[in-house]
Amino acid sequence: MKKIISIFVIITILSMIIFVPETYAAALDTIDIDTDKTTVRPGEDVLLNINFGQNLGAYTFDIDFDNSIFDFVSVDGGTENVIGDKVKVTFHDATGGTNPRNYMAVTFKAKADITTSNPTEFTVTAEGLANPDASVQFDDITTPIVKNLTVEPQYIDYEIKLEHSGEIVKGQEKAMNLSYTSPMGRYYEHARLVAEATSPTGANVQLLATDQSNLEYDIIQSGWGDAQGSKIGGKDVSQVLQTRAIFSEQGDYTITLKLIDRDNSDSVIAEKAFAFTALETATQTPVPTPTEPVATNTPEATPTNPQATPNNNGTSNGLPRTGDNLYISIAISLIALTGLYVSLNKKED
């Protein structure tokens, strides 16, 4: 009886060795995680690619993401289950190893209303990893694999302006509008406006502004506002200051305005130089004096008075004087007739 039991045990062990496929565990150290972009704009999609480095017939991946920044869109390479800020993707090759996969991908979309810069990350863990015929079971990935990226708007540089109208005269205040603007400005927690100037020898320039507490600042000497700066950034940034500039002497000046980041060793955010010329006195524009017409005794020539302007010979420069000529002809005729009459009477006597 003992012999029969021993033979049965040996046969069973041999059968297990022959008919049960060999299975063993190994570390899957070929996985690589990447995204198709490192900076994502609001409303844009980003693709998270997980490359296995070899074919897998089964896996379950957990991807954690910030659901205040991203919305889940789709998965390529498995069946997804989205709960809050986690996507679980499961795959099993139902063909027994003829249709394995060597990668999977998840698409997310950045929320459209983001206006700030948001460094964020995807973290990936995995379990149930096996090769195509399930002969190798890979160790679970319990230490998260991390992929960093940033979601932020397309920022536009700040533009600085210093504008005025009319002439600048030495020693006289000149009103100037100082502004810095951006349709979408990068955020800074502590930005500050400062200025510097170049002047003619022995001259100086002031750029004065008054805050809401009625404190006056010379921006060239001390900058504007709180020495620690103030927060700026976002959509349609428009900061405007009403300033007064005083140029002490005649000549050419340059005022350079700068926005600086106090949190980054006063690095320059935006900068622009403006050239000005101060005059000794205001330019006087002469007012034209009306020209008086010269009075003459000469009658104005009109169609009804064609003889208005005599020439140097005492004759008219206008039309012929037909009336005077007629009177002369009549007088000559009368004289001739009188002479003829007297002559005839003498002959008869």
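All values reported here derive from a predicted model rather than from experimental measurement.

### What about the pairing of strand β15 (residues 174-198)?
Working step 1: Relative to β15, strand β13 (residues 159-163) runs antiparallel, the two sharing 5 bridges. Bridge pairing in β15 links E159 to T181.
Working step 2: For β15 and strand β18 (residues 230-247), the ladder comprises 13 bridges, and the chain directions are antiparallel. Counterpart to Y188 in the pairing with β18 is I232.
Working step 3: Summarising the sheet, β15 and strand β19 (residues 251-261) pair through 8 bridges and their orientation is antiparallel. Its bridge partner being in β19, V194 is matched across the sheet by K258.

### Here we look at the sheet that holds strand β6 (residues 70-76)
Strand pairing in a sheet takes place through backbone hydrogen bonds and is either antiparallel or parallel in direction.
Working step 1: Spatial strand order, β2-β4-β9-β6: 4 strands in an open sheet with antiparallel pairing. Each edge of the open sheet is held by one strand with a lone partner, namely β2 (32-35) and β6. Sheet twist, expressed as the average angle between the axes of neighbouring strands with direction ignored, equals 20°.
Working step 2: By the bridge criterion, 8 bridges tie strand β4 (residues 45-56) to strand β9 (residues 101-110) in an arrangement that is antiparallel. In the sheet register, L56 faces β9, and the bridge partner there is R101.

### Considerations on the packing of aromatic side chains
Working step 1: Taken as a whole, this structure holds 12 aromatic pairs when the rule is applied.
Working step 2: Centre to centre, the rings of F52 and F61 are 5.5 Å apart; their planes meet at 5°, and the pair counts as stacked. The pair formed by F52 and F61 is uniform in burial state, with each residue classed as buried.
Working step 3: With 5.2 Å between their ring centres and 70° between their planes, Y217 and W224 make a pair best called edge-to-face.
Working step 4: Residue classification places Y217 among the buried positions, given a relative accessible area of 18%.
Working step 5: A residue is classified by how much of its surface remains accessible, and W224, at 19% relative accessible area, is buried.

Calculation notes
Residues numbered from 1 in each chain as written. Predicted model: local features only at pLDDT ≥ 70, side-chain atom pairs only at ≥ 80, totals over all residues. Heavy atoms only, no water. Pairing = 2+ DSSP bridges. Helix = DSSP H or I, 4+ residues; strand = E, 2+ residues; numbered from the N terminus. Axes fitted to C-alpha atoms, helices over the stretch in contact; angles between N-to-C directions. Phe/Tyr/Trp six-rings, centres within 6.5 Å; stacked < 30°, edge-to-face > 60°. Buried < 20%, exposed > 50% of the residue type's maximum accessible area, 1.4 Å probe, protein only.

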